[in-house]
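Secondary and tertiary structure notes
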Amino acid sequence: MRLGAEIISEVRSRAKYACEYCGVSEIDAGGELSIDHFQPVSRGGGDEFDNLLYCCVRCNQYKHAYWPESATALPLWNPRREPAETHFVELEDGRLLALTEVAEFTLNRLRLNRGPLVSYRLRKRRQDRQRRLLQQYQALTQSLEQLHAQLDRLVHEQQALLAEQNELLRRFLTGGE
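Everything numeric here is computed off the predicted structure, so don't read it as measured data.

Tracing the backbone shows Val57 in helix H3 (residues 57–63). Residue Val57 is classed as exposed on the basis of its relative accessible area of 59%. The sequence separation of Val57 and Asp36 amounts to 21 residues, and the corresponding C-alpha distance is 9.6 Å.

Spelled out as structure tokens, the structure:
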């Protein structure tokens, strides 16, 4: 069965336009990604919305038509059912560390520590850090502008008070004239 444009649009939107396995976005990939059947059609899966994932060409290629063939075979991590944090930790060097057997299997099957993905994670982390620093800088700049405006008002108030004080002193010294 061919998926309709509305379903494809919903799957893309639900995935926030990024691969649900590795996180690469359409922008980074330079175009739309692919729709994957988590349980492949060839293994009894259907076109139900819950069985559809948005993924990059590489993750889709490495996953291929995998489906556990026995009760003892490990399943792949299903990003629609469990958050990545349940199974993976991103290390300082950009690689993923598997926390579960399912994660270890998924990491190896989908090659989630392939060089370009590690570089992508490091670049994304650097961009996120730069974005946060820019937001902090903008907040600091706004606070400084507000402080400058307050200081300007206080200087004008002080000038007005000094002028008033000078006038009072002049009157006092001239005998109230």
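Following the structure, the description resumes.
A few words now on a nonpolar patch on the surface. On the surface, Val89, Leu97 and Leu99 cluster together into a nonpolar patch covering about 230 Å² of accessible area. With respect to the helices and strands, Leu99 occurs in the loop between strand E4 (96–98) and helix H4 (101–110).

With that settled, the discussion passes to the confidence of the model for the protein chain. In the predicted model, the protein chain carries a mean pLDDT of 95, and 98% of its residues have values of at least 70. Mean pLDDT per element in the protein chain: helix H2 (residues 26–29) is the minimum at 94, and E4 is the maximum at 98.

Judged by nonpolar contacts, the single largest core of 28 residues is most densely connected at Cys19, Tyr21, Cys22, Cys56, Cys59, Phe88 and Leu112. When residues of this core are traced back to their parent elements, those giving at least two are strand E2 (52–55), E4, H4 and helix H5 (115–173). Excluding residues that lie within four positions of it along the chain, Phe88 makes contacts with Trp77, Leu96, Leu97, Ala98, Leu99, Ala103, Thr106, Leu107 and Leu112.

This brings us to the packing of aromatic side chains. Under the counting rule described, the total for this entry stands at 4 aromatic pairs. Measuring from centroid to centroid gives 6.3 Å for Tyr21 and Trp77, while their planes differ by 70°, and the two rings are edge-to-face. Residue Tyr21 is found in the loop between helix H1 (5–14) and H2, and its partner Trp77 is found in the loop between H3 and strand E3 (88–90); the two are separated by 56 residues along the sequence. What makes Trp77 buried here is its relative accessible area of 3%. Clustering of aromatic rings is evident, with ring pairs tying together Tyr21, Trp77 and Phe88.

Position of Glu26 relative to the elements: it lies in helix H2. Residues Glu26 and Glu164, 138 residues apart in the sequence, show an inter-C-alpha distance of 66 Å. With near-sequence residues (within four places) excluded, Glu26 lies in contact with Arg12, Tyr17, Gly31, Glu32, Leu33 and Tyr54. Looking at Glu26, its side chain comes within polar contact range of the side chain of Arg12, at 2.7 Å.

The subject of this paragraph is unusual backbone geometry. Positive phi outside glycine occurs at Lys16, with the angle close to 55°. By the element assignment, Lys16 lies in the loop between H1 and H2. Assessed through its relative accessible area of 68%, Lys16 is described here as exposed. Non-glycine residue His64 carries a positive phi angle of around 55°.

Right, let's get into H4. By the burial criterion, the buried members of H4 are Val102, Ala103, Thr106, Leu107 and Leu110. Looking straight down H4, one finds that the buried residues subtend no more than 130° of arc, so they occupy a single side. Buried residues in H4 make contact with H3, E3 and E4.

About the cut-offs
Residues numbered from 1 in each chain as written. Predicted model: local features only at pLDDT ≥ 70, side-chain atom pairs only at ≥ 80, totals over all residues. Heavy atoms only, no water. Helix = DSSP H or I, 4+ residues; strand = E, 2+ residues; numbered from the N terminus. Buried < 20%, exposed > 50% of the residue type's maximum accessible area, 1.4 Å probe, protein only. Patch = residues over 30% accessible without salt bridge, like charges linked within 9 Å, V, L, I, M, F, W, Y side chains within 5 Å. Areas by Shrake-Rupley, 256 points an atom, 1.4 Å probe, with all protein chains shown as cover. Salt bridge = Lys/Arg side-chain N within 4 Å of Asp/Glu carboxyl O. pLDDT = per-residue confidence, 0-100. Core = buried A, V, L, I, M, F, W, Y, C linked by side-chain atoms within 4.5 Å. Contact = heavy atoms within 4.5 Å. Phe/Tyr/Trp six-rings, centres within 6.5 Å; stacked < 30°, edge-to-face > 60°. Polar contact = N/O pair within 3.5 Å; in protein donor to acceptor, adjacent residues only side chain to side chain. Arc of directions from axis to C-beta.

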